[in-house]
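The lines below spell out each chain.
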Amino acid sequence: MFFLGMEEADQLCLAAKSNDFKKVQTLITSGTDVSHFDGDGLTPLMHAAKTGNAEIISALLEAGAPWNALSPSNLSAGDFAMEAGHQEAFDLLLKTGIQSELILGTIARKETKNEYSNQEYLQDRVTFSEDKIMDNESKGVMMAWEKPLMEAHAKAICTNGGSILNVGFGMGLVDTAIQQYHPTKHTIIEAHPDVYKRMIESGWGEKENVRIVFGRWQDVVGELDECGYNGIFFDTYGEYYEDLWEFHQNLPKLLKADGVYSYFNGFCGSNAFFHVVYCNLVTLEIESLGFSTQLIPLPVKDCLGDEVWEGVKQKYWQLDTYYLPVCLFSE
Ligand SMILES: C[S@@+](CC[C@H](N)C(=O)[O-])C[C@H]1O[C@@H](n2cnc3c(N)ncnc32)[C@H](O)[C@@H]1O
């Protein structure tokens, strides 16, 4: 099976591919590079994930193999395990992904050069067209294909009627849907001056039940009604997981005891496994605040033809299913 003259790192890929645990162990012990990509662009961990060998996967992960390396077709080891239905392998990779994002991801993202995550976005111009808002790098801030998702979010948070809070106006899709449920009070926080100006120009400031709070939610959260909201939705732009987490810490003092919270669940929308890692991460962290989360699958494949992304720099969503979070205080 092993070719004379073959580099040790390639031998490691081959050993993982052929389920040879002993050889994998020997090569790891002799210091072989566990993050090597073979001629097909695959790492030893990807090969092990394809065959589903949990023993080899554990050994590679312990030796520091990167769980988040990507193949030429943008698939990670976790994607391979998921596609092949190898549950144990998938669970191991998921656990590693969650732990690593909790620790290393946070450290890396904190090293941002700006005062806050989306400082440049909030200071630059945005452009509006009928079907999207784009930032000044031609990245989609909000796009019309999300309309059915926004309608579903509105339905979820308006279940009990009453007072509703939305963070991030964008194209006003979720707010338009919220208005259809006739909330007694509808508070909208928006931080971008151009988006705010457009809200005012299009009459949102004159609606009887609407209160617009202009500013970053981080700066205006103290102006909100304590334990006053029956439904809350969060969907900003250019912020990180840590920002969402920071917002979540405010939930217990904003949401009524029987209130419903939801957020745009778009983290890592171009890789199925990374997305699962983030779905789990948010669910776990929000659980520590006393909430249970239900993720409702919504098919989105049909709204997303190639024409949707014409002129847009990044396809921020490439998955077939969107998981809409519905979060409630646990009993
Ligand atoms: C993705 S869009 C929201 C789309 C909206 N859900 C809809 O249905 O059209 C994100 C919005 O959040 C705003 N935003 C970004 N950061 C914010 C912050 N820290 N506080 C409040 N709004 C913010 C952006 O300017 C943008 O209008």
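Looking at an unreviewed UniProt entry, one finds the protein chain named Protein arginine N-methyltransferase 2, with Brassica rapa subsp. trilocularis as its source organism. According to the UniProt record, the Subunit (unreviewed entry) comment for the protein chain is "Monomer."

1. A look at the overall build of the protein chain
When its secondary structure is counted, the protein chain shows 14 helices and 10 strands. Judged by the C-alpha coordinates and their principal axes, the protein chain covers about 80 × 45 × 40 Å. Of the roughly 15,900 Å² of accessible surface on the protein chain, 50% is carried by carbon and sulfur atoms.

2. So, the packing of helix α5 (residues 77–84) against helix α14 (residues 272–287)
Contact geometry for α5 and α14: axes closest at 7 Å, N-to-C directions at 95°. The orientation of α5 relative to α14 falls into the category roughly perpendicular. Together, Gly78, Asp79 and Met82 of α5 and Ala272, Phe273 and Val276 of α14 make up the contact between the two elements. Classifying every residue of the contact of α5 with α14 gives 4 nonpolar, 1 polar and 1 charged.

3. A look at the pairing of strand β4 (residues 163–167)
The element β4 is largely enclosed, with a buried count of 5 among its 5 residues. Residues Ser163, Leu165 and Val167 line one face of β4 and the alternating positions Ile164 and Asn166 line the opposite face, and both faces are buried. Looking at chain direction, β4 and strand β5 (residues 185–190) are connected through 5 bridges and run parallel. By the bridge assignment for β5, Leu165 is matched with Thr187.

4. Points about the UniProt feature "repeat: ANK" (unreviewed entry) in the protein chain
As recorded in UniProt, the feature "repeat: ANK" (unreviewed entry) lies at residues 40–72. Spanning residues 40–72, this segment combines 52% helix with 0% strand, and its end C-alpha atoms are found 8 Å apart.

5. So, the site of the ligand
Near the ligand there are 25 residues, and of these Tyr121, Val174, Glu190, Asp235 and Glu239 occur at the shortest range. Within the contact set of the ligand, an oxygen atom lies 3.2 Å away from a backbone nitrogen or oxygen of Leu173. For the ligand, an oxygen atom lies 2.8 Å from a polar atom in the backbone of Val174. About the coverage of the ligand: the protein hides 99% of its 600 Å² of free accessible area. Taken together, the elements giving at least two residues each to the shell around the ligand come down to β3 (140–143), α9 (173–179) and α11 (217–220). In terms of residue class, the shell around the ligand is built from 13 nonpolar, 8 polar and 4 charged.

6. Here's the deal with the nonpolar core
In terms of nonpolar packing, the biggest core is built from 57 residues, with Leu60, Leu93, Ile232, Phe247 and Tyr261 touching the most fellow members. In terms of residue count, the dominant contributor to this core is α14 (7 residues). In this structure, this core is formed jointly by two domains, domain 1 (8–110) and domain 2 (119–329), each of which donates at least three residues. What Ile232 contacts, discounting residues up to four positions off in sequence, is Ile157, Leu165, Phe247, Leu251, Leu254, Leu255, Val260, Tyr261 and Ser262. Met142, Ala177, Val300 and Leu319 belong to the second largest nonpolar core, which has 29 residues in total.

7. Things to note about a nonpolar patch on the surface
On the surface, a nonpolar cluster with roughly 290 Å² of combined accessible area is contributed by Leu102, Ile103 and Leu104. Along the polypeptide, Leu102 turns up in helix α6 (residues 87–110). For Leu102, a relative accessible area of 37% puts it in the partly exposed group.

8. A word on the packing of aromatic side chains
A full pass over the atoms with the stated rule returns 20 aromatic pairs. A centroid spacing of 5.9 Å and a plane angle of 70° characterise the contact between Tyr241 and Phe267, whose relative ring orientation is edge-to-face. With a gap of 26 residues between them, Tyr241 in helix α12 (residues 241–248) and Phe267 in the loop between β8 (255–263) and α14 connect regions that are remote in the sequence. The exposure classification of Tyr241 matches that of Phe267, with both residues buried. One cation-aromatic arrangement involves Arg216 over Tyr116; the distance from NZ or CZ to the ring centre is 3.7 Å.

9. Some details on the sheet that holds β3
Overall, antiparallel pairing links the 3 strands, which are arranged β1-β2-β3 in an open sheet. The open sheet is flanked by β1 (127–129) and β3, the only strands paired with a single partner. For this sheet the average axis-to-axis angle between neighbouring strands, irrespective of direction, equals 10°. Both strand β2 (residues 132–134) and β3 contribute to a ladder of 3 bridges, which runs antiparallel. Bridge assignment links Met134 to a residue of β3, and that residue is Gly140.

10. Things to note about the pattern of salt bridges
Going through the model one piece at a time under the given rule, you end up with 9 salt bridges. Its salt-bridge partner being Glu201, residue Lys197 comes within 3.4 Å of it at the nearest N-O pair. Of this pair, Lys197 and Glu201 both sit in helix α10 (residues 193–201), separated by 4 residues, roughly a single helical turn. In this pair, the class of Lys197 matches that of Glu201, namely exposed. Where Lys315 meets Asp306, a salt bridge forms, and the shortest distance between an N and an O atom there is 3.6 Å. Residue classification places Asp306 among the exposed residues on the basis of a relative accessible area of 60%. One salt-bridge network, held together by shared partners, links Glu137, Lys139 and Lys313.

Criteria and cut-off values
- Residues numbered from 1 in each chain as written.
- Predicted model: local features only at pLDDT ≥ 70, side-chain atom pairs only at ≥ 80, totals over all residues.
- Heavy atoms only, no water.
- UniProt positions renumbered as here; feature names shortened; annotations may be inferred.
- Helix = DSSP H or I, 4+ residues; strand = E, 2+ residues; numbered from the N terminus.
- Areas by Shrake-Rupley, 256 points an atom, 1.4 Å probe, with all protein chains shown as cover.
- Axes fitted to C-alpha atoms, helices over the stretch in contact; angles between N-to-C directions.
- Parallel < 35°, antiparallel > 145°, perpendicular 65-115°, else oblique.
- Contact = heavy atoms within 4.5 Å.
- Nonpolar A, V, L, I, M, F, W, Y, C, P; charged D, E, K, R; others polar.
- Buried < 20%, exposed > 50% of the residue type's maximum accessible area, 1.4 Å probe, protein only.
- Pairing = 2+ DSSP bridges.
- Near = heavy atom within 4 Å.
- Polar contact = N/O pair within 3.5 Å; in protein donor to acceptor, adjacent residues only side chain to side chain.
- Core = buried A, V, L, I, M, F, W, Y, C linked by side-chain atoms within 4.5 Å.
- Domains from an automatic or database assignment.
- Patch = residues over 30% accessible without salt bridge, like charges linked within 9 Å, V, L, I, M, F, W, Y side chains within 5 Å.
- Salt bridge = Lys/Arg side-chain N within 4 Å of Asp/Glu carboxyl O.
- Phe/Tyr/Trp six-rings, centres within 6.5 Å; stacked < 30°, edge-to-face > 60°.
- Lys NZ or Arg CZ within 6 Å of the ring centre and 35° of its normal.

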